[in-house]
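# Coordinate analysis (summary)
Residue strings, one per chain:
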Amino acid sequence: MTQNSQQHINNKIYNFLKTFFITCKTKHFLVLRHATTYSHTTSLLQVLFCYPFYIFSPLLLSRIMQGGVTQAIPTQTLKKQTRFKKILHKAMVGICFGFLFWLPFWCFILESILPPILYGIFCVFLVAFMLYICAILIRLKVESHNNTLCKKTIYCVKRYIVDMALPLFLVFILFCVGIFSLLHKNTYIGVSLCYPLSIAIFLFMPRMYRFWFGFFVGIFGFYWMTLSFRFEGLSLLIPFIVICVGIIYGLFFWILLYFQNLVWRIITMASLFILHPLDFNWLNIAYLSSYSVFEASLLSLLCVAFACYFIITKSALQLLAPLLLLMSLDYDMTRQDPKLQAKIIETQYTQDMRWEEENRESIIANNLEAIQQAIDEGYPLVILPETSFPLILNTQTELYHKLLDLSKHITIVTGAMRVQSMDFSKFLDSSHCDTNNTDLTQNLDFNACHVERSEISKSLESSKDFSATAQNDNKQNLDSKTNSKTTYNKIDSINTHKKHSSLFTLDTLQQREKTLDSDSIESSYINTPTKDFGYYNSVYIFSKGHSLIADKNALVPFGETLPFNAILSPLFEEIFGDSFGFNKGDEIISFITQGLHVAIANCYEGTMELPYNTGAKYILMLSNNAWFYPSTQHFMQQMIVKYYARSFQAFIYHSTNHTPKAIITPNNGRD
């Protein structure tokens, strides 16, 4: 009697799940009693994640529990749906999978903002949910095997092992993540568990949903790119541009996931290291491993991808899946400590506040006070955020020389704008500035000394009327002022892929004692800045009365430049009557200080290989995240920087505005 009752319950569960699968518009309900295959896996993901509203529908549940496939909802067949409903169906799938694709990223954000107790509860529920899924799959496989006619033959035993491979592999992942999290003291358990899921979603996503999947991956991941338009007076364009970003990523995924073949999918996944839509490299699945127990490398990504591929095959290749997973884990348990002594400055200025005329004086005063405080505390190096001086610094003679004087006591790394024109000396008229006044913050006439963008634009436009000979003479003149310093301090010059890289030494510099009255800004340079006319987002390094300039080489789309700039920039200027963004630099700057090799990364550059390819062990990264605040941008920035820190075994000293400063280490787990 008991056995018949149990059999009745099993049949009822089977009929329920069978009807549920059919209700969810899939024909692959046979996954309940046959070996899991590639197509069955996609159907299972579709049922578990794409139709959760069915579970919360009492009416539908009651109809299903009554039994009978004929009671499924009327719109179960796609052939009977209208075109709009088909698109809506695909969009819903895209929303769910687009959100799930970023699960490691969401887990990282939760770990960063939640109290430890709440995050611990979240991790417990996440692990319990995954164990529950594994238990359900194992039970279904066992019941399916018990119902087969052949129970003792070798064939059935092999088939049973094959059927159990997927749920046991999931348990193995949980076990490995748990053990290595304890060994590394890594608290980002959610990131480690969800990283293989993101890879599986990319591999197994049905091709019919590929556009909408890419569309919402772009929206969820990079909606914040358009927030900078708030400060250009173009807020009304933000919704339209967000949709355009989604469409671009949708088309990108439409190509990447065009073929259902898993080898093709793995190749396209690896191609994300070199293929960057909108010239923006933040879409790379490997970046999601940065705070996980998996190794931060392309090889680790491929190992996890092939493990997902082999585990669904009905062959001996399934045995390779656990081995590949073990190969993808990080076995480096050592903890490294930074040796570079530096004070990192964090500021809290909103983007619109920073550039208001009435706030400029107080901002400069606060920066100078922070530098002086670092000197008093005995630091040899101080790092300020990107554009921490909200002006064109190479046009501010007195402020520039004030920083040169301070650099005799401490090395200063700070961000500010720079302009390169035929002749900007007319903007430095000493009659407008009190150059002899030592109390800079009280008596400097910022209205007179600050160079307005429109004035310099006119100067740059007028410079176009000069002959090419005159322009070359101007460039040679600038070279003549800096070549002597460059040859004296320059150690090495290398090619960093597409960018030239120069290495200087600051330790052997001699103190420069020239006074303000007899010295110009250009004569303090120890390198030759980019000579193309225009505006630059630059980093200024002041040391022992000298200055070194690093112009930003990689510009953020929509923030500092336009994607497809050669086409859209003239169109933007024609419509709005003004240019958009900055010029690109042509050189990566690194230097020797405190006996250590240090490279400069101006915000976006820190999320690329450019500064790391210089071989520097320490990266000074300056960011102004107020452009995109509030958003998830700075969390994603930190994940990507962590990936490169682990990949290149580097320390990143990150000075920020409006988001927390940090020293990001190559150690696994929390910094």
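Everything quoted here is computed from the prediction, not taken from an experiment.

Reading guide: rules and limits
- Residues numbered from 1 in each chain as written.
- Predicted model: local features only at pLDDT ≥ 70, side-chain atom pairs only at ≥ 80, totals over all residues.
- Heavy atoms only, no water.
- Helix = DSSP H or I, 4+ residues; strand = E, 2+ residues; numbered from the N terminus.
- Buried < 20%, exposed > 50% of the residue type's maximum accessible area, 1.4 Å probe, protein only.
- Contact = heavy atoms within 4.5 Å.
- Areas by Shrake-Rupley, 256 points an atom, 1.4 Å probe, with all protein chains shown as cover.
- Salt bridge = Lys/Arg side-chain N within 4 Å of Asp/Glu carboxyl O.
- Phe/Tyr/Trp six-rings, centres within 6.5 Å; stacked < 30°, edge-to-face > 60°.
- 1 Å grid on protein atoms, 1.4 Å probe; cavity = no way out; pocket = protein on both sides within 12 Å on 5 of 7 lines; lining within 4 Å.
- Points joined across faces, edges and corners; volume = space filled by probe spheres on them.
- Nonpolar A, V, L, I, M, F, W, Y, C, P; charged D, E, K, R; others polar.
- Polar contact = N/O pair within 3.5 Å; in protein donor to acceptor, adjacent residues only side chain to side chain.
- Expected span 1.5 Å × (residues − 1).
- Patch = residues over 30% accessible without salt bridge, like charges linked within 9 Å, V, L, I, M, F, W, Y side chains within 5 Å.
- Axes fitted to C-alpha atoms, helices over the stretch in contact; angles between N-to-C directions.
- Parallel < 35°, antiparallel > 145°, perpendicular 65-115°, else oblique.
- Left-handed = near helix turned anticlockwise from the far one by under 90°.
- pLDDT = per-residue confidence, 0-100.
- Pairing = 2+ DSSP bridges.
- Core = buried A, V, L, I, M, F, W, Y, C linked by side-chain atoms within 4.5 Å.

A few words on the overall build of the chain. Across its full length, the chain carries 24 helices and 13 strands. Per-residue burial for the chain yields a buried fraction of 54% across its 671 residues. Long-range contacts, defined as pairs at least 24 residues apart, comprise 76% of the intrachain contacts of the chain with a sequence gap of at least 6. Carbon and sulfur atoms make up 62% of the accessible area of the chain, which amounts to about 29900 Å² in all.

With that settled, the discussion passes to the pattern of salt bridges. Where side chains of opposite charge bring their charged atoms close, a pairing between them can arise. What the rule picks out here adds up to eight salt bridges. When the shortest N-O distance is used, the salt bridge between Asp 405 and Lys 408 registers 3.8 Å. Asp 405 sits in the partly exposed class, given a relative accessible area of 40%. The residue Asp 671 makes a salt bridge to Lys 642 at a minimum N-O spacing of 2.6 Å. With Asp 671 in the segment after strand 13 (662–664) and Lys 642 in helix 24 (residues 633–648), the pair connects residues that are 29 residues apart, well separated along the chain. Since its relative accessible area comes to 38%, Asp 671 is described here as partly exposed.

Attention now goes to the packing of aromatic side chains. Geometrically, a pair of aromatic rings is defined through the distance of the ring centres and the angle of the planes. If you walk through the whole model with that rule in mind, you get 49 aromatic pairs. Seen from their ring centres, Tyr 287 and Tyr 644 are 5.8 Å apart, and the 55° between their planes marks the pair as tilted. You can see Tyr 287 sitting in the loop between helix 13 (262–271) and helix 14 (298–311) and its partner Tyr 644 sitting in helix 24, a full 357 residues away along the chain. Pair check on accessibility: Tyr 287 and Tyr 644 agree, each one buried. Look at Tyr 618 and Phe 651: their rings are 5.4 Å apart centre to centre, the planes differ by 15°, and that puts the pair in the stacked class. Taken together, the residues Tyr 618 in strand 11 (residues 618–624) and Phe 651 in strand 12 (residues 651–657) connect sequence positions 33 residues apart. Residue Tyr 618 shares its accessibility class with Phe 651, and that shared class is buried.

Counted according to the given criterion, the structure contains five cavities of 30 Å³ or more. Lining the second largest cavity, in full, are Trp 102, Phe 105, Trp 282, Asn 284, Tyr 287, Leu 288, Met 636, Met 639 and Ile 640. The element contributing the most residues to the lining of the second largest cavity is helix 24, with three residues. When grouped by side-chain class, the residues that make up the lining of the second largest cavity number eight nonpolar, one polar and no charged.

Examined against the element boundaries, Asn 625 turns out to sit in the loop between strand 11 and helix 24. Classification of Asn 625 as buried rests on a relative accessible area of 1%. Among the polar contacts listed, one links the side chain of Asn 625 to the side chain of Thr 659, at a separation of 2.8 Å. When neighbours within four sequence positions are excluded, Asn 625 is seen to be in contact with Gln 633, His 634, Gln 637, Thr 656, Asn 657 and Thr 659.

Below, the discussion takes up helix 5 (residues 83–101). The terminal C-alpha atoms of helix 5 lie 27 Å apart, and with 19 residues this matches the ideal 27 Å at 1.5 Å per residue to within 8%. All of the buried residues along helix 5 are His 89, Ala 91, Val 93, Gly 94, Phe 97, Gly 98, Leu 100 and Phe 101.

Taken together, the side chains of Trp 254, Ile 255, Tyr 258, Phe 259 and Trp 264 present a nonpolar region at the surface, about 490 Å² in accessible area. Within the element layout of this structure, Tyr 258 appears in the loop between helix 12 (238–256) and helix 13.

Look at helix 5 against helix 11 (residues 210–222): their axes get within 7 Å of each other, and the N-to-C directions meet at 45°. The angle between the axes of helix 5 and helix 11 places the two elements in the oblique class. Along this stretch, helix 5 crosses helix 11, giving a crossing that reads as right-handed. Of helix 11, the residues touching helix 5 (which contributes Ile 87, Lys 90, Ala 91, Gly 94, Ile 95, Phe 97, Gly 98, Phe 99 and Phe 101) are Trp 212, Phe 213, Phe 216, Val 217 and Phe 220. Here the contact of helix 5 with helix 11 is built from residues that sort into eleven nonpolar, two polar and one charged.

Next up on the list: the confidence of the model for the chain. On average, the chain scores 77 in pLDDT, and the residues at 70 or more come to 69%. Of all secondary-structure elements in the chain, the lowest mean pLDDT belongs to helix 20 (residues 446–449), at 34, while strand 2 (residues 381–383) reaches the highest, 97. Low pLDDT (under 50) marks residues 23–78, which in the prediction has 107 contacts with non-local residues, meaning those over four places away or in another chain. Below a pLDDT of 50 lies the segment residues 493–497, which in the model reaches 15 contacts outside its immediate sequence neighbourhood of four places, other chains included.

Along the chain, Ile 619 turns up in strand 11. Overall, Ile 619 belongs to the buried group, its relative accessible area being 0%. Put simply, Ile 619 and Asn 602 are 17 residues apart on the chain and 9.9 Å apart in space, counted from C-alpha to C-alpha. Residues in contact with Ile 619, not counting those within four places in the same chain, are Ala 599, Ala 601, Pro 611, Tyr 612, Ala 650, Phe 651, Ile 652 and Tyr 653.

Of all seven residues that make up strand 10 (residues 596–602), seven are buried, and the element is covered over most of its length. Both faces of strand 10 are covered, namely the face carrying Leu 596, Val 598, Ile 600 and Asn 602 and the face carrying His 597, Ala 599 and Ala 601. What sits between the antiparallel neighbours strand 9 (residues 587–593) and strand 10 is a turn of two residues, in which Gln 594 has the positive phi angle 55°. Sheet analysis places strand 10 next to strand 11, joined by five bridges and oriented parallel. Considered in strand 11, the bridge of Val 598 is made with Tyr 618.

Counting 105 residues, the largest nonpolar core has Trp 102, Phe 222 and Ile 285 as its most contacted members. The greatest single-element share of this core, amounting to ten residues, is contributed by helix 10 (residues 189–204). Grouped together as the second largest cluster of nonpolar side chains are 25 residues, Leu 368, Val 382, Leu 404 and Ile 410 included.

Once that is clear, we can look at unusual backbone geometry. The residue after Tyr 629, namely Pro 630, is reached through a cis peptide bond having omega -5°. Along the polypeptide, Pro 630 turns up in the loop between strand 11 and helix 24. Of note, the phi angle at Thr 387 is positive, near 45°, even though the residue is not glycine. In this structure, Thr 387 sits in the loop between strand 2 and strand 3 (389–392). Not every positive phi belongs to a glycine, and Gln 649 is a case in point at roughly 55°. Looking at where Gln 649 falls in the secondary structure, it is placed in the loop between helix 24 and strand 12.

What follows deals with the packing of helix 9 (residues 165–184) against helix 15 (residues 320–328). In contact at an axis separation of 11 Å, helix 9 and helix 15 are set at 20° when each is read in the N-to-C sense. Classified by the interaxial angle, the pair formed by helix 9 and helix 15 is roughly parallel. As helix 9 runs across helix 15, the sense of the crossing is right-handed. Residues Phe 169, Phe 172, Ile 173 and Cys 176 of helix 9 lie in contact with helix 15, whose contacting residues are Ala 321, Pro 322, Leu 325 and Leu 326. When the residues that make up the contact of helix 9 with helix 15 are grouped by side-chain class, the tally is eight nonpolar, no polar and no charged.

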